[in-house]
Amino acid sequence: MEYRSLGRTGLTTSALGWGTVKLGRNIDVKYPASFDLPSDQEACDIVLAMLDLGITLIDTAPAYGLSESRLGIALANRRQEVVLSSKVGEQFQDGRSHFDFTGAAARRSVEASLRRLGTDHLDILLIHSDGRDEWIQRETDLIETLKSIKAEGKTRAIGLSGKTPEGAGLALAWADVLMCPWHPLDRSHESVMASARSTGLGVLAKKVLASGHAADPQSALKESMSHADAAVIGSLSPTRMHANCGVLESPESEPRLGDH
Ligand SMILES: NC(=O)c1ccc[n+]([C@@H]2O[C@H](COP(=O)([O-])OP(=O)(O)OC[C@H]3O[C@@H](n4cnc5c(N)ncnc54)[C@H](OP(=O)(O)O)[C@@H]3O)[C@@H](O)[C@H]2O)c1
């Protein structure tokens, strides 16, 4: 497994990160096929198997249903091995998403995330945008609140998981980390991802396999390494993630652009 510095955050993560939507939520998601959530025991086994592959970046969110609480149980003795990323702005309650981008809601959300995850700090805290990337950053008190949460030591890095290149562009001014959608048929963020990397932000690619719709997952995964410090791939299958690790380790993997 290759490990990379995440911009200038001081964090180092595996180049292959793990996205945990499927660990806790199977309603109103965009995967090609419906699926059953794993049982509690299966979820714990999956988390530990992902760690055993050498994956050290785990992305979760309150919006991912049971994901945070399941991670908290599984990571009880292994929290220090992982870079944990979670989010604020979206909650999943009564089978649907609810959005609140106020600073007050973010504070409540982070405290609840810390409780569920069984930790006193996150490593990365991202705005979980609903698409109003620019409005959230311009018209709410969320950025100032994220800065305060970071200053209090409750997260090491802050940033945006957004949907638009314009929103990501605004976040260059204050974020430590950008999580951007990237796959071969959605190159809309490539330019802002390059700007972010060149100015020392950590860059994470999400939806690299087009949420499972990608025609050629191997080439998508390989190429993502040229655009981001790490690719966050969703899966419930350690076997598949092992294969994804192998793809990144193969000699013909795309060279990375920067080494920061
Ligand atoms: N707004 C946000 O902040 C936001 C939005 C989207 C995503 N994310 C983050 O990014 C993560 C990744 O996004 P995503 O889960 O939507 O999509 P993704 O990583 O593009 O695709 C995941 C899907 O691809 C399948 N898959 C994994 N490896 C594969 C392979 N080698 N060949 C074929 N299929 C493969 C997985 O199925 P199996 O389970 O069968 O392996 C899963 O259904 C999320 O889990 C989340 O952490 C954040």
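Placed above this text is the structure.
Keep in mind that this is a model prediction, so the values were computed, not measured.

Undergrad: Please explain the pattern of salt bridges as it appears in this structure.
TA: Opposite charge on two side chains allows them to pair when their charged atoms are near. Applying the stated criterion across every chain yields a total of 20 salt bridges. One salt bridge connects Asp40 with Arg70, and the closest N-O pair in it is separated by 2.9 Å. Residue Asp40 is found in helix 2 (residues 40-52), and its partner Arg70 is found in helix 3 (residues 67-74); the two are separated by 30 residues along the sequence. As a salt-bridge pair, Arg138 and Glu134 come within 3.3 Å of each other at their nearest N and O atoms. Of this pair, Arg138 and Glu134 both sit in helix 5 (residues 133-139), four residues apart, which is roughly one turn of that helix. Accessibility expressed as a relative area gives 52% for Arg138, which makes it exposed.

Undergrad: In this structure, what is going on with the site of the ligand? I would like to understand it.
TA: Around the ligand, the surrounding shell holds 25 residues, and the nearest of these are Tyr31, Asp59, Ser161, Ser235 and Arg240. Between the ligand and the protein, one listed contact pairs an oxygen atom with a side-chain N or O atom of Tyr31 at 2.6 Å. Asp59 is positioned with one of its side-chain polar atoms (N or O) 2.5 Å from an oxygen atom of the ligand. Considered on its own, the ligand offers 900 Å² of accessible surface; in the complex 87% of this is hidden by protein. Top contributing element to the shell around the ligand by residue count: strand 12 (residues 230-234), with three residues. In the shell around the ligand, the residues fall into 10 nonpolar, nine polar and six charged.

Undergrad: In this structure, what is going on with the packing of aromatic side chains? I would like to understand it.
TA: All told, the structure shown has two aromatic pairs when counted by the stated rule. Geometrically, the ring pair formed by Tyr31 and Phe35 is edge-to-face, given 5.9 Å between the ring centres and 75° between the ring planes. The exposure class of Phe35 is buried, given its relative accessible area of 15%. Of note, Lys22 hangs over the ring of Tyr31, and the distance from its end group to the ring centre comes to 4.9 Å.

Undergrad: Can you walk me through unusual backbone geometry in this structure?
TA: One non-glycine residue, Lys207, adopts positive backbone phi at about 60°. Note that Lys207 resides in the loop between strand 11 (202-206) and helix 9 (217-224). The backbone of Ala210 shows a phi angle near 50°, a positive value even though the residue is not glycine. Relative to the elements of secondary structure, Ala210 occurs in the loop between strand 11 and helix 9. A relative accessible area of 16% means that Ala210 is categorised as buried.

Undergrad: Any chance you could explain the pairing of strand 3 (residues 16-19) here in plain terms?
TA: For a regular strand, the rule is simple: side chains alternate between the two faces of the sheet. Of the two faces of strand 3, both are covered, the one formed by Leu16 and Trp18 as well as the one formed by Gly17 and Gly19. Bridging between strand 3 and strand 12 involves four bridges; their strand directions are parallel. Across the sheet, Gly19 pairs through a bridge with Gly234, a residue of strand 12. Pairing geometry for strand 3 and strand 4 (residues 57-59), over two bridges, is parallel. In the sheet register, Trp18 faces strand 4, and the bridge partner there is Ile58.

Rules and cut-offs
Within any chain, residue numbers begin from 1 and follow the written order of that chain's sequence. Per-residue local features of the predicted model are confined to residues with pLDDT of at least 70, and side-chain atom pairs are confined, for both listing and counting, to 80 or more; whole-chain, interface and lining totals are unaffected and use all residues. To obtain the side-chain values, all non-hydrogen atoms of the structure were included, while hydrogens and water were left out. The salt bridge definition used is simple: a Lys or Arg side-chain nitrogen within 4 Å of an Asp or Glu carboxyl oxygen. Strands here mean DSSP runs of E at least two residues long; helices mean DSSP runs of H or I at least four residues long; both are numbered from the N terminus. Any residue under 20% of the maximum accessible area for its type is buried, any over 50% is exposed, and the rest in between are partly exposed; the area is computed with a 1.4 Å probe on protein chains only. Each residue is tested against the molecule or strand, and it is near if at least one of its non-hydrogen atoms lies within 4 Å. Pairing of N or O atoms within 3.5 Å defines a polar contact, subject to two protein rules: one partner must be a possible hydrogen donor and the other a possible acceptor, and residues neighboring in sequence count only if both atoms are side-chain atoms. Areas reported as accessible are Shrake-Rupley estimates using a 1.4 Å probe. Residue values count occlusion only from the protein chains shown. Three classes are used: nonpolar for Ala, Val, Leu, Ile, Met, Phe, Trp, Tyr, Cys and Pro, charged for Asp, Glu, Lys and Arg, and polar for all others, with Gly counted as polar. For this analysis, a ring pair means two rings from Phe, Tyr or Trp (six-membered ring only for Trp) whose centres lie within 6.5 Å, classed as stacked if their planes differ by under 30 degrees, edge-to-face if by over 60, and tilted for the remaining angles. Charge-over-ring placement is defined geometrically: NZ (Lys) or CZ (Arg) within 6 Å of the ring centre, and within 35 degrees of the ring normal. Note on pairing: two strands pair once DSSP finds at least 2 bridges between them.

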